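Here's the letter readout for the chains.
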Amino acid sequence: MNIPYGRQNISQDDIKAVTDVLQSPYLTQGPAVPAFEKALAQRVGAKHALAVNSATSALHIACVTLGLQKGDSLWTTPNTFVASANCGLYCNASVDFVDTTPDTYVLDPKALEDKLSQTPQEKHPRILVVVHMCGQPADMKKIKRICDAHNIRIIEDASHAVGAQDQGEPTGSCKYSDITVFSFHPVKILTTAEGGMALTNDDRLAAQMDRLRSHGITRDPELMTSGDQGGWYYEQIELGWNYRMTELQAALGLSQLDRLDTFLKKRHLILKRYEKLLEEVDVVLPQQREGVYSALHLYPVLFKDSQTRKTVYEKLRAKGIFTQVHYIPVYWQPYYQAMGFKKGYCPVAESVYQRTLSLPMYPDLTEEQQSYVVECIKEILND
Ligand SMILES: *Cc1c(COP(=O)(O)O)cnc(C)c1O
């Protein structure tokens, strides 16, 4: 049987939740979406939650709502999925990258401070997208202090980090950011097949993101130029998109949310087992900052060099174990290379990229499968 690096867990309750929606009057724009939003907002302690059809869409409307436009700059880390940076390009802003820590793979506050001090004021970013890599929150308290001093808005890309905490503060509470974004792609912590959420404590940001996910249309007479003309009447007051989540997706998400703590516990059990099984193996294990409770979306280990990583990847694959590399530095992508980014720009993230491999990490990974993965790695390294 094949062992992937991540996969969803679907229960009978999940299936029933989705089929119930199929038999209900509303497949979209019904009660399931607000119910899912309310439940997740309550869980993480945010005032508003806006469900959308992907985290990529959430990042886009977050950037628009924070006023990102041509002439502005958005900064993020290079070791992330391309969407964390692309959202800046959607707004015709420029994108730049801040290096990460060598052991937790999240944005390094020191690197941010250094880069800001070396960058002329007019090229400072309007927005910083902080990625909670592998499910571990970055040091938001420090990062917010730096950003506040420079008038930079913060989006947390918590695609990996539903259920994470830092010093007891849940990721998504937006205590240290303007907006937090979650992803519900099947490899992430909770799934809605495709889907995402934008959370905020700011009423104005929430109201605008609500409009932007649905064409820029309002039904609020206060915002209309012609006032309310009747029950059928709506006005488009800005340019938005159709980024709505369906009722089927929201029902699945709501049902999944019941098992969030179970999922997290299982991931932490798998972490403990890896730490034990890999004790004598020549790999560097990922570290957790003091006081952090990671959602453990990914479990990346570093091999001694890129050739070893490649050999291990290929030989595991031949045995039906499908690991993955997270991530190719975004600015190594041809699309970003064409903007003039040079290799060597963020040396820490690049060095991690050369050696990293994400081992299987998901709730249904069995003890036997996990032992088999580690046995195979040992065998390959001893070859
Ligand atoms: C998965 C992911 C996204 C995009 O999520 P979608 O829901 O697939 O759009 C964005 N950022 C990070 C860090 C991700 O891992």
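Whatever comes next refers back to the structure up there.
Note that the coordinates shown come from a computational prediction; the quantities given were computed from them, not determined experimentally.

Attention shifts here to the layout of surface pockets. Volume-wise, the largest pocket comes out at about 520 Å³. Forming the walls of the largest pocket are 21 residues, and the residues nearest its centre are Gln29, Asp210, Arg213, Ser214 and Arg244. The residue makeup of the lining of the largest pocket, split by class, is eight nonpolar, six polar and seven charged. There is about 380 Å³ of room inside the second largest pocket. Lining the second largest pocket are 25 residues, with Phe81, Ser183, His185, Lys188 and Tyr327 positioned closest to its centre. Within the residue set of the lining of the second largest pocket, elements represented by two or more residues are helix 3 (55-65) and helix 4 (83-90). No other element matches helix 3, which puts three residues into the lining of the second largest pocket. Grouping the constituent residues of the lining of the second largest pocket by class yields ten nonpolar, twelve polar and three charged.

On to the nonpolar core. Of all hydrophobic cores here, the largest spans 63 residues; its most connected members are Phe97, Ile155, Tyr274, Leu278 and Tyr299. Among the elements that take part in this core, helix 3 stands out by supplying six residues, more than any other. Aside from chain neighbours lying at most four places away, what touches Phe97 is Thr76, Thr77, Pro78, Ala85, Lys115, Val330, Tyr331, Tyr336, Phe341, Tyr345 and Cys346. Counting 27 residues, the second-largest nonpolar core is a separate cluster that includes Ala51, Val162, Phe182 and Met197.

Moving on, we come to the pattern of salt bridges. Applying the stated rule across the entire model yields 21 salt bridges. Between Asp96 and Lys115 there is a salt bridge whose closest N-O contact spans 3.2 Å. Remark: Lys115 occurs in helix 5 (residues 109-118) and Asp96 occurs in strand 3 (residues 94-97); sequence separation between them is 19 residues. With respect to burial, Asp96 and Lys115 carry one shared label: buried. Residue Lys276 is joined to Glu279 by a salt bridge in which the shortest nitrogen-to-oxygen separation is 3.5 Å. Here Lys276 matches Glu279 in class, with each residue exposed.

Cut-off values and rules
Residues numbered from 1 in each chain as written. Predicted model: local features only at pLDDT ≥ 70, side-chain atom pairs only at ≥ 80, totals over all residues. Heavy atoms only, no water. 1 Å grid on protein atoms, 1.4 Å probe; cavity = no way out; pocket = protein on both sides within 12 Å on 5 of 7 lines; lining within 4 Å. Points joined across faces, edges and corners; volume = space filled by probe spheres on them. Nonpolar A, V, L, I, M, F, W, Y, C, P; charged D, E, K, R; others polar. Helix = DSSP H or I, 4+ residues; strand = E, 2+ residues; numbered from the N terminus. Core = buried A, V, L, I, M, F, W, Y, C linked by side-chain atoms within 4.5 Å. Buried < 20%, exposed > 50% of the residue type's maximum accessible area, 1.4 Å probe, protein only. Contact = heavy atoms within 4.5 Å. Salt bridge = Lys/Arg side-chain N within 4 Å of Asp/Glu carboxyl O.

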